Amino acid sequence: MASVTYASASRIYTPGARPAINQLQLEIADGEFLVLVGPSGCGKSTALRMLAGLEEVNEGAIMIGGEDVSHVSPKDRDIAMVFQNYALYPHMSVAENMGFALKIAGVSKEERAERVKKAAEILDLVPYLERKPKALSGGQRQRVAMGRAIVRSPKVFLMDEPLSNLDAKLRVQTRTQIAALTRELQTTTVYVTHDQVEAMTMGDRVCVLKDGVLQQVDSPRNLYDNPANVFVAGFIGSPAMNLFQVKIQGQGVVVGQDVLPIPDGHLDKAHGDQVTLGVRPEDMELSTDGTGLQMTVDLVEELGADAYIFGTPDGIKTFQPFIVRVDGRRPPMRGERVTIKPNPNHVHLFDVENGLRLNGYVPEHTPHASLSDVEALADAED
Amino acid sequence: MMTHTASTQSATPDAGKALTPEVPGFEHRDVKQNKVRRTGAPGEKPNLLGGLGGWLWLAVIILPIYYILITSFRTSEDLRSSNQLLPTTNPTLAPFIKVIQNDFFHYFTNSLIVTLSTVAVVLAVSVMAAYYIARSTTLGGRRLFQVILLGIAIPVQATIIPVYYLIQQLGLYDTLWALILPQIAFAIPLSVLIIVNFVRDIPMELFESMKVDGAGEWKILTALVLPMAKPALMTVGIYQALQVWNGFLFPLVLTQSSDVRVLPLSLWEYSGQFGIDVPATLAAVVLSALPLLVVYMLARRHIVAGLTAGFGK
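The model shown is predicted, which means the values in this text are computed figures rather than measured ones.

1. Thoughts on the overall build of chain A
So, point 1. A tally of helices and strands in chain A yields 9 helices and 21 strands.
So, point 2. Principal-axis analysis of the C-alpha atoms gives chain A an extent of 75 × 45 × 35 Å.

Printed below as a string of structure tokens:
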């Protein structure tokens, strides 16, 4: 068990080009479950592999338990890694797979068998110990990969999208199991995923990366409630936050025909006469008093308890349809005209120029972002 | 999310099939395929031409073998007086007895020593070289591979004179070393080529996983590369053993005395000044081919493709 520190660690593949990981500054406490999340190609796996020793650290340092391991070989770092495709040794039985690291470490045969058995009991793998990986189902293989990690009691668990090969139902189940297991073992865990539901549900803290640069690291709640820049706002949350530019008018912003008052002088810091307004789908409501934005419903997604309506409000320019959460029992029909308005207590304001949050705490060194970054995100998902 | 699942699974199960050595008589088949013969889908036109070609090829191969077998049980007189293409009516073991009495086991032992030591060194060197080449990301690794591959292009016959001088200068002429050392050198390029391709197919994550598990390079070689490359090693081993066992040129040029004579060279003994003892020669052929046949049949079962099945999801 140990803390992990990235001290301005960089990974530069080609000198001069954009680093894969750029000056990553991150402290992970002993026993913490930290999730690295970001869109494809953001460098989250690279960051993890740097910690594993599978990628070089070109600048800065990485420390495990206060000890600089930047140039220590993976085998001497005392870490265990779960790979996306599990990387089980095909020629070894489940028990051999799980006991391999112990064998190399020189643990006696009896102790090895005992520790493997204990781990197998935790993971319900006892009946399969003598089988080869090819005789196991996907979920069982995933558990063997987990077992291989926990049997070692390493300083740090590294998990690189370990659930992405499971089907949806199993993924949800396993997600809970992994989170519970690592907390029980109280082992520091760094978990990489592109699935932000996984990130939000599993992590003590979540670290959002974009283009190798740390955007924000915070608890899931804070990340959701107080995104530090417009990229984090657009990335975290499903369905995504509605983001659009509005004009400043006095101590408020113009939304449709009305002025949404913004208290506490948050607008003072804004550059220019516009700001980006962000409203989560659940913070939009159908207006009953006639004030708000007029919108034709293009699509209704019914999820049972809730329903989401999609559409483009009149006079608002957005790169993707507006999403509004409505009561699942009485959703509007497709083609219907509705009036929507944001809940003034739950709006997010971002500077148009640097993309930083205006109405809330912004950590130092938060990188700038722009609405086009979020647009790119939407394009990538299509 | 969808794209993730597809890409990871396709690479693995075919890893073994990448190895299809173009060696006549070698079959590289999956166990399952042995049971379910591929006879084509129902309603599909049978490939008459292909079938005919196959049978023709088989006839061409099998006829000499048939002839060798039936003739090795005749006497020389019998060979002259009766139809050569039919089995004899008075089979005899005389040719075999003659061969065995004629120091057969001495030559056999020589062949065995030369073959086993050559193949052992070739496999050990090639697998290490292949591991380095397959995992190396440096320019040096690629260049090394190119230089080794160059060795395939050089025909043995073209170098036999220099090799002869070299061996003589080393004082190894007319020893078993003179057979072992050059044959090791000439076997390495092709062996490395085959094993490199196999090692390259071992998924990267397995190497990384080994490293994270605490294994050093040697441990990775013995615990991962060797077991995973076993089909390739078997194939290379059998093929090179065949080459060395049947090799004629090196023994002919580099040895002289009967002390170090190997089997192919010993066949010469049955051709004297006044003719060839055909049945004895062919009996010697049968006897020298038997051990290879046995080895091949035993090892064949290990040449199973798809050893990587089960590594991933």
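2. A word on the pairing of strand β9 (residues 205–210) of chain A
Note on strand geometry: in a regular strand, side chains alternate between the two faces of the sheet.
All names here are of chain A.
So, point 1. The buried count for β9 comes to 5 of 6 residues, which makes it a mostly enclosed element.
So, point 2. Relative to β9, strand β3 (residues 33–37) runs parallel, the two sharing 4 bridges. Looking at the pairing, V35 lines up with V206 of β9.
So, point 3. Relative to strand β10 (residues 213–218), β9 runs antiparallel, the two sharing 5 bridges. Counterpart to L209 in the pairing with β10 is L214.
So, point 4. What sits between the antiparallel neighbours β9 and β10 is a turn of 2 residues, in which D211 has the positive phi angle 50°.

3. Overview of the sheet that holds strand β8 (residues 188–193) of chain A
All names here are of chain A.
So, point 1. The mixed open sheet is built from 6 strands, whose spatial order is β6-β7-β8-β3-β9-β10. Two strands close off the open sheet at either side, each with one partner strand: β6 (79–82) and β10. Across this sheet, the average inter-strand angle for adjacent strands is 20°, counted without regard to direction.
So, point 2. Relative to β8, β3 runs parallel, the two being bridged by 5 bridges. Along β8, the bridge assignment pairs L36 with V192.

4. Considerations on the pairing of strand β4 (residues 59–64) of chain A
All names here are of chain A.
So, point 1. Examined bridge by bridge, strand β1 (residues 4–11) and β4 share 5 bridges and lie antiparallel to one another. The residue bridging S10 from the neighbouring strand is E59, located in β4.
So, point 2. Here β4 folds back onto strand β5 (residues 67–68) in antiparallel fashion, the turn holding 2 residues, of which G65 has a positive phi close to 60°.

5. Brief notes about the UniProt feature "domain: ABC transporter" (unreviewed entry) in chain A
So, point 1. As annotated in UniProt, the feature "domain: ABC transporter" (unreviewed entry) corresponds to residues 4–236 of chain A in the numbering used here.
So, point 2. Taken as a whole, residues 4–236 of chain A contains 36% helix and 24% strand, while its terminal C-alpha atoms sit 24 Å from one another.

6. Some words on the sheet that holds strand β14 (residues 274–279) of chain A
All names here are of chain A.
So, point 1. The 3 strands lie next to each other as β11-β14-β21, forming an open sheet whose pairing is antiparallel. The open sheet is flanked by β11 (242–247) and β21 (347–351), the only strands paired with a single partner. Put simply, the sheet's adjacent strands are angled 30° from each other on average, direction ignored.
So, point 2. Across 6 bridges, the pairing between β11 and β14 is antiparallel. Counted as the bridge partner of V246 is V275 from β14.

7. Considering the packing of helix α5 (residues 94–101) of chain B against helix α15 (residues 278–300) of chain B
Residue and element names in this part refer to chain B.
So, point 1. Interhelical geometry of α5 versus α15 gives an angle of 70° and a closest axis separation of 8 Å. Here α15 runs roughly perpendicular to α5, going by the angle between their axes. Facing α5, whose interface residues are P95, F96, K98 and V99, α15 presents P279, A280, A283, A284 and L287.
So, point 2. A class-by-class count of the residues in the contact of α5 with α15 yields 8 nonpolar, no polar and 1 charged.

8. A few points about the confidence of the model for chain A
Low pLDDT marks regions whose predicted coordinates should not be analysed in detail.
So, point 1. Mean pLDDT over chain A: 90, with 99% of residues reaching 70 or higher.
So, point 2. Taking the mean pLDDT of every element in chain A, the minimum, 78, falls on helix α9 (residues 371–381) of chain A and the maximum, 95, on β3 of chain A.

9. So, the UniProt feature "transmembrane region" (unreviewed entry) in chain B
Residue and element names in this part refer to chain B.
So, point 1. When the UniProt feature table is mapped to this numbering, "transmembrane region" (unreviewed entry) covers residues 47–69, 112–132, 144–167, 179–199, 220–242 and 278–299.
So, point 2. Between the C-alpha atoms that bound residues 47–69 the distance is 32 Å, and the span itself is 96% helix and 0% strand.
So, point 3. Between the end C-alpha atoms of residues 179–199 the distance is 29 Å, and the span holds 100% helix and 0% strand.

10. Some points on the domain arrangement of chain A
When the parts of a complex come together, some accessible area is lost, and that lost area is often used as the size of the interface.
All names here are of chain A.
So, point 1. Under the domain assignment, chain A is made up of domain 1 (4–221) and domain 2 (239–381).
So, point 2. Measuring from the centre of the C-alpha atoms in domain 1 to the corresponding centre in domain 2 gives 37 Å.
So, point 3. With 6 residues of domain 1 at the interface, the matching set in domain 2 holds 6 residues.
So, point 4. With 3 residues, β10 is the largest single contributor of residues to the side of domain 1 that touches domain 2.

11. Remarks on the nonpolar core
So, point 1. Among the nonpolar cores identified, the biggest contains 159 residues, and L158, V190 and C207 of chain A together with A130, I195 and V199 of chain B are the most heavily contacted of them.
So, point 2. In terms of residue count, the dominant contributor to this core is helix α9 (residues 177–200) of chain B (15 residues).
So, point 3. In this structure, this core is formed jointly by two domains, domain 1 (4–221) and domain 2 (239–381) of chain A, each of which donates at least three residues.
So, point 4. Once residues lying within four places of it in the same chain are set aside, the contact partners of L158 of chain A are L48, L51, A52, I79, M81 and V190 of chain A.
So, point 5. Counting residues in hydrophobic clusters, the runner-up holds 6 residues, among them V99, Y270, A280 and A284 of chain B.

12. Considerations on helix α1 (residues 44–52) of chain A
So, point 1. Counting buried positions along α1 of chain A gives 9 out of 9 residues, so the element sits mostly inside the fold.
So, point 2. At the exit of α1 of chain A stands G53 of chain A, carrying a positive phi of roughly 95°.

13. A closer look at the environment of E364 of chain A
So, point 1. Relative to the assigned elements, E364 of chain A resides in the loop between β21 and α9.
So, point 2. The sequence separation of E364 of chain A and A228 of chain A amounts to 136 residues, and the corresponding C-alpha distance is 9.9 Å.

14. As for the confidence of the model for chain B
Residues and elements named next belong to chain B.
So, point 1. Confidence in the prediction for chain B averages 81 pLDDT; 81% of positions are at 70 or higher.
So, point 2. Within chain B, no element has a lower average pLDDT than helix α1 (residues 2–10), which sits at 40, and none a higher one than helix α6 (residues 104–135), at 94.
So, point 3. For the stretch residues 1–37, pLDDT sits under 50, and the model shows 51 contacts to residues farther than four places along the chain or on other chains.
So, point 4. For this predicted complex, the interface confidence comes out at an ipTM of 0.86, alongside a pTM of 0.80.

15. Some thoughts on the packing of α6 of chain B against helix α7 (residues 139–153) of chain B
Angle between the axes and distance between the axes: these two values describe a pair of packed helices.
Residues and elements named next belong to chain B.
So, point 1. For the pair α6 and α7, the least separation of the axes is 8 Å and the interaxial angle reads 135°. The orientation of α6 with respect to α7, classified from their angle, is oblique. The chirality of how α6 crosses α7 is left-handed. Residues A129, Y132 and I133 of α6 lie in contact with α7, whose contacting residues are G141, L144, F145 and I148.
So, point 2. Of the residues that constitute the contact of α6 with α7, the class distribution is 6 nonpolar, 1 polar and no charged.

16. Side note on the environment of V374 of chain A
All names here are of chain A.
So, point 1. Structurally, V374 can be placed in helix α9.
So, point 2. Of the residues examined, V374 has 25 C-beta atoms within 10 Å and is grouped as buried.
So, point 3. Residues V374 and V230, spaced 144 residues apart in sequence, show a C-alpha to C-alpha distance of 7.6 Å.

17. A few points about unusual backbone geometry
Residues and elements named next belong to chain A.
So, point 1. Put simply, S238 and P239 share a cis peptide bond, and its omega is 0°.
So, point 2. Relative to the helices and strands, P239 is located in the loop between α8 (230–235) and β11.
So, point 3. Phi angles above zero are rare outside glycine, and S153 is one such case at about 45°.
So, point 4. Within the fold, S153 resides in the loop between α4 (138–150) and β7 (156–160).
So, point 5. Although it is not a glycine, Q186 adopts a positive phi angle of roughly 55°.
So, point 6. Checked against the element boundaries, Q186 lands in the loop between α5 (168–185) and β8.
So, point 7. The exposure class of Q186 is exposed, given the 11 C-beta atoms found within 10 Å.

Rules behind the numbers
Residues numbered from 1 in each chain as written. Chains lettered and ligands numbered in written order. Predicted model: local features only at pLDDT ≥ 70, side-chain atom pairs only at ≥ 80, totals over all residues. Helix = DSSP H or I, 4+ residues; strand = E, 2+ residues; numbered from the N terminus. Buried ≥ 20, exposed ≤ 12 C-beta atoms within 10 Å, placed from the backbone. Pairing = 2+ DSSP bridges. Axes fitted to C-alpha atoms, helices over the stretch in contact; angles between N-to-C directions. UniProt positions renumbered as here; feature names shortened; annotations may be inferred. Parallel < 35°, antiparallel > 145°, perpendicular 65-115°, else oblique. Contact = placed C-beta atoms within 7 Å. Nonpolar A, V, L, I, M, F, W, Y, C, P; charged D, E, K, R; others polar. pLDDT = per-residue confidence, 0-100. Domains from an automatic or database assignment. Core = buried A, V, L, I, M, F, W, Y, C linked by C-beta atoms within 7 Å. Left-handed = near helix turned anticlockwise from the far one by under 90°.

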